[in-house]
Amino acid sequence: MPMEKETSPENPVENSTEEKNVPVRRIVSGIQPSGRLHLGNYMGALKNWIDLQDRYESFFFIADWHALTTNYEDTSPIRQNIREMLVDWLSLGLDPEKCTIFLQSDVLEHAELNLLLSMVTPVSWLERNPSYKDQQTQITGRDLSTFGFLGYPVLMSADILLYRADHVPVGLDQLPHLELAREIARRLRHFYGPVVPEPLPLLTPTPRLLGLDGRKMSKSYKNCIYVGDSSAEVWEKVRPMMTDPARVRRSDPGDPDKCPVFNLHQSFSPSETVQEVDKGCRTAGIGCIDCKKLLVGHIERILQPAREKRQEISARKGFLKEVLREGGKTASGEARRTIREVRRAMRLPDEDLFE
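From a predicted model like this one, the values you see are computed outputs, not experimental measurements.

Counting residues in each nonpolar core, the largest one holds 58 residues, and the members touching the most others are L39, L46, W89, L94 and I101. Look past the residues within four positions of W89 in its chain and what remains in contact with it is I31, L37, L46, W49, F60, F61, I62, L94 and I101. Membership of the second largest hydrophobic core comes to 42 residues, among which are L161, Y163, L175 and A331.

A few words now on unusual backbone geometry. In this model, K222 sits at a positive phi of 55 degrees, which is unusual for a non-glycine residue. Inspection of the secondary structure puts K222 in the loop between β5 (200-203) and α11 (231-238). Not every positive phi belongs to a glycine, and R347 is a case in point at roughly 60 degrees. The class of R347 is exposed, set by a relative accessible area of 71%.

Orientation of helix α2 (residues 39-52) relative to helix α4 (residues 78-92), taken along the N-to-C sense of each, is 55 degrees, at an axis distance of 10 Å. As far as their axial angle goes, α4 and α2 are oblique. As α2 packs across α4, the resulting crossing turns out to be right-handed. Counted together, Y42, L46, W49 and I50 of α2 and D88, W89 and L92 of α4 form the full contact between these two elements. Here the contact of α2 with α4 is composed, by residue class, of six nonpolar, no polar and one charged.

Should pLDDT be low for a region, the predicted coordinates there are not to be read in detail. This prediction gives the protein chain a mean pLDDT of 90; 91% of its residues lie at or above 70. Note on residues 1-19: pLDDT is under 50 here. Beyond four places in sequence and across chains, it has 42 contacts.

Gaps left between atoms are located by rolling a probe of water-molecule size over the structure's atoms. Tallied over the entire structure, the rule returns two cavities of 30 Å³ or more. Reported here for the largest cavity is a volume of approximately 100 Å³. Along the wall of the largest cavity there are 13 residues; nearest its centre are R247, C259, C281, C288 and C291. Mapped by element, the contributors of at least two residues to the lining of the largest cavity are α12 (260-268), α13 (271-282) and α14 (288-315).

Let us now look at the packing of aromatic side chains. In this description, a pair of aromatic rings is defined by centroid distance and the angle of the planes. Enumeration over the complete set of coordinates arrives at seven aromatic pairs. A ring pair is formed by F61 and F102, whose centres lie 5.6 Å apart and whose planes are at 35 degrees; its orientation type is tilted. Here F61 is found in strand β2 (residues 57-62), whereas its partner F102 is found in strand β3 (residues 100-103), with 41 residues between them in sequence. On the accessibility criterion, F102 (0% relative accessible area) is buried. Aromatic side chains F191 and Y192 sit 6.0 Å apart centroid to centroid with 50 degrees between the ring planes, which places their arrangement in the tilted category. The exposure class assigned to Y192 is partly exposed, which follows from its relative accessible area of 29%. The cationic tip of R215 hangs over the ring face of Y221; the distance from NZ or CZ to the ring centre is 4.0 Å. Between the NZ or CZ atom of R316 and the centre of the ring of F319, over which it lies, the distance is 3.9 Å.

What counts, and where the lines are drawn
- Residues numbered from 1 in each chain as written.
- Predicted model: local features only at pLDDT ≥ 70, side-chain atom pairs only at ≥ 80, totals over all residues.
- Heavy atoms only, no water.
- Core = buried A, V, L, I, M, F, W, Y, C linked by side-chain atoms within 4.5 Å.
- Buried < 20%, exposed > 50% of the residue type's maximum accessible area, 1.4 Å probe, protein only.
- Contact = heavy atoms within 4.5 Å.
- Helix = DSSP H or I, 4+ residues; strand = E, 2+ residues; numbered from the N terminus.
- Axes fitted to C-alpha atoms, helices over the stretch in contact; angles between N-to-C directions.
- Parallel < 35°, antiparallel > 145°, perpendicular 65-115°, else oblique.
- Left-handed = near helix turned anticlockwise from the far one by under 90°.
- Nonpolar A, V, L, I, M, F, W, Y, C, P; charged D, E, K, R; others polar.
- pLDDT = per-residue confidence, 0-100.
- 1 Å grid on protein atoms, 1.4 Å probe; cavity = no way out; pocket = protein on both sides within 12 Å on 5 of 7 lines; lining within 4 Å.
- Points joined across faces, edges and corners; volume = space filled by probe spheres on them.
- Phe/Tyr/Trp six-rings, centres within 6.5 Å; stacked < 30°, edge-to-face > 60°.
- Lys NZ or Arg CZ within 6 Å of the ring centre and 35° of its normal.

In structure tokens:
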């Protein structure tokens, strides 16, 4: 059987639902529990998930094993981070009645498929992964020369392939990671036949959200507005935000394209407000404080209902545990089916060994 033509993770295939004309039935995605969710996380992933759950069979998981790849020395925050992330998901609108929400480590088949995929994945594929060297450079003070960190793309591939998803919702910057999972699926098929499908990217817009200091919103920069912030905290963060340096006085015109406040307007305000702020900034028709008040008002339209939902969730004893328990049962059923098929394709022992 000839080896299929392979593509490099650095040069992902250009495909989407429209180009392949493939109907989307099932999607899967996950996020590491690295702390409280901020507005960048919401716009980059969760808002899209909430929209997709009404249209597709959706599997969304908290990737707690992935959190160990860079935080193995101190695992103490992981349990609390899991809880905070789940509360954020549910308070913003992810609905366990519409999608499957589960904890990665509750489904042990993730580990088994990770092991089986690692047997066929060349080390060179992992070493050329663009994130491997980038994170070793960016994350200082930690030893990332571990087997787990090198092999995290294999675990990520297992996370995706385990649920036989048709598509994975991703932004353009995440395409190389998904393409590596597709490569591993092709290599598995080369040796053992068509075992798991190659999921296509479900390309989604992921706006680059700027933080309080004008850099990308990131926990590491400490420039975030968190979805769990109170209304007072949101205003206290937005009020002193930097704006266009050219606007020294209220009467000075500015350039909204140089203002991180306007960047947030473009994500959270309706088009009429965006146009009003754009014109007002360029003509000095609106002051920076009034501009910021408008922004906070539109952010609050998202966060205030989430706060109310958060209180409701906190009052329901055992609710979070039940969500993960039920989601884990559904995910485990699908995962076991995949593992049975992979074992049979690889001619490994299964429950039919002595029948």
